[in-house]
Amino acid sequence: MTRKHLGQFIFVGFLWGVPYLFMRVAVREFDPSVVVFGRVIIGAAILFPIAISRGVMKQTMRGFKWIVAYALFEMCGPWYLITHAETKINSGLAGLLVATVPIWSTIYSSMAGDKTVWHAKRLMGIVIGFIGLVLIVGIETISGSADAFSVFQVVLAAILYSTAMAIILKGMPHGDGVAINAVAMAMTAIIFAPSALTNLPDSMPSFNATASLIGLGVLSTGWAFMIYFSLVKEIGQARGSMVTYLNTAFAVVLGVAILGEPLTVGIITGLPIVTG
């Protein structure tokens, strides 16, 4: 990995670590449906011109049915669940729970016939990851540090994320990532528009909430996907996917440093296990 690629890798890690902070701030004044709608509208506006300039839209639309499924499992479900959960749990905990995506992805690979999952090293990784997940969920909910249902929502979101990747890799393994996500965001916007438009704030939102929603759309939805898929072309999907662990570190650090969130026993115990 060159110095340029390393810089892009770290930057994407930040862009996908900061959305948990953005969501935590935005959802204090915006309904979760408005947050999801806002981020995908902005993200689609950034990605569509790029996809159109590449001349890949016609080819991308041939996989329409796969993109519909991907939108549901990658955006509609997870982004609403995580945003809703952050009305009751801290951003760092949400980011840490999402870091379990590789665990679920490995299980999906096994179900799809990938026998390498059962090699001792990968199997040990799954077992350790699950131990970390159980510790986080158990300690946080039993101690009362986090709402149990909200924790479940984020874990479910992680499972849906891994399902989305399995769907799109099976149906459109060579599809253009920017174009696929641009279309998926447009679909998500259409789905959430009725709920978002009927749940707009009654009064003018604060600067922090508004800036967080815009940042979520521009930085963590538009720019992040654009830079990530450019990076993946250079370093490969396997290396690129490792950014998940960097996201988590940024999510926890930003939550503590900017929002003053506590470093709970569950996070301190589970972070090195899940991300290690």
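Structure's up top.
Residues numbered from 1 in each chain as written. Predicted model: local features only at pLDDT ≥ 70, side-chain atom pairs only at ≥ 80, totals over all residues. Heavy atoms only, no water.

### Topic: the environment of alanine 224
Residue position: alanine 224 is located in helix H11 (residues 207–235). On the accessibility criterion, alanine 224 (0% relative accessible area) is buried. Remark: the alpha-carbon pair of alanine 224 and glycine 43, spanning 181 residues in sequence, is separated by 9.3 Å. Discounting residues that sit within four places of it in the chain, alanine 224 has contacts with Leu15, Trp16 and Leu219. (Helix = DSSP H or I, 4+ residues; strand = E, 2+ residues; numbered from the N terminus. Buried < 20%, exposed > 50% of the residue type's maximum accessible area, 1.4 Å probe, protein only. Contact = heavy atoms within 4.5 Å.)

### Structural notes on the packing of helix H1 (residues 3–15) against helix H13 (residues 243–259)
Where H1 contacts H13, the axes come no closer than 7 Å and their chain directions differ by 50°. Considering the angle they form, H1 stands oblique to H13. In this structure, the crossing between H1 and H13 has a hand that is right-handed. Between H1 and H13, the contacting residues are Phe9, Ile10, Val12, Gly13 and Phe14 on the first element and Val243, Leu246, Asn247, Phe250 and Leu254 on the second. Of the residues belonging to the contact of H1 with H13, the class tally is 8 nonpolar, 2 polar and no charged. (Axes fitted to C-alpha atoms, helices over the stretch in contact; angles between N-to-C directions. Parallel < 35°, antiparallel > 145°, perpendicular 65-115°, else oblique. Left-handed = near helix turned anticlockwise from the far one by under 90°. Nonpolar A, V, L, I, M, F, W, Y, C, P; charged D, E, K, R; others polar.)

### Let's talk about a nonpolar patch on the surface
Together, Met61, Phe64, Val68, Leu72 and Ile191 make up a nonpolar patch on the protein surface, roughly 400 Å² of accessible area in all. Sort the elements by how many residues they give to the nonpolar patch and helix H5 (residues 64–85) lands first, with 3 residues. (Patch = residues over 30% accessible without salt bridge, like charges linked within 9 Å, V, L, I, M, F, W, Y side chains within 5 Å. Areas by Shrake-Rupley, 256 points an atom, 1.4 Å probe, with all protein chains shown as cover. Salt bridge = Lys/Arg side-chain N within 4 Å of Asp/Glu carboxyl O.)

### Notes on the side chain of threonine 60
On the secondary structure map, threonine 60 appears in helix H4 (residues 57–61). Here threonine 60 falls in the buried class, since its relative accessible area comes to 3%. Here valine 56 takes part through its backbone oxygen, which lies 2.7 Å from a polar atom of the side chain of threonine 60. Leaving out residues up to four positions away in the same chain, threonine 60 has contacts with Ile67, Met172, Ala179, Ile180 and Val183. (Polar contact = N/O pair within 3.5 Å; in protein donor to acceptor, adjacent residues only side chain to side chain.)

### What to know about the nonpolar core
Membership of the largest hydrophobic core comes to 78 residues, with the highest contact counts inside it found for Tyr70, Trp79, Leu93, Met185 and Phe225. If sequence neighbours within four positions are ignored, tryptophan 79 has contacts with Val36, Arg39, Val40, Glu74, Tyr161, Met185, Thr221 and Phe225. (Core = buried A, V, L, I, M, F, W, Y, C linked by side-chain atoms within 4.5 Å.)

These results come straight from atomic positions and should not be treated as a statement about function.
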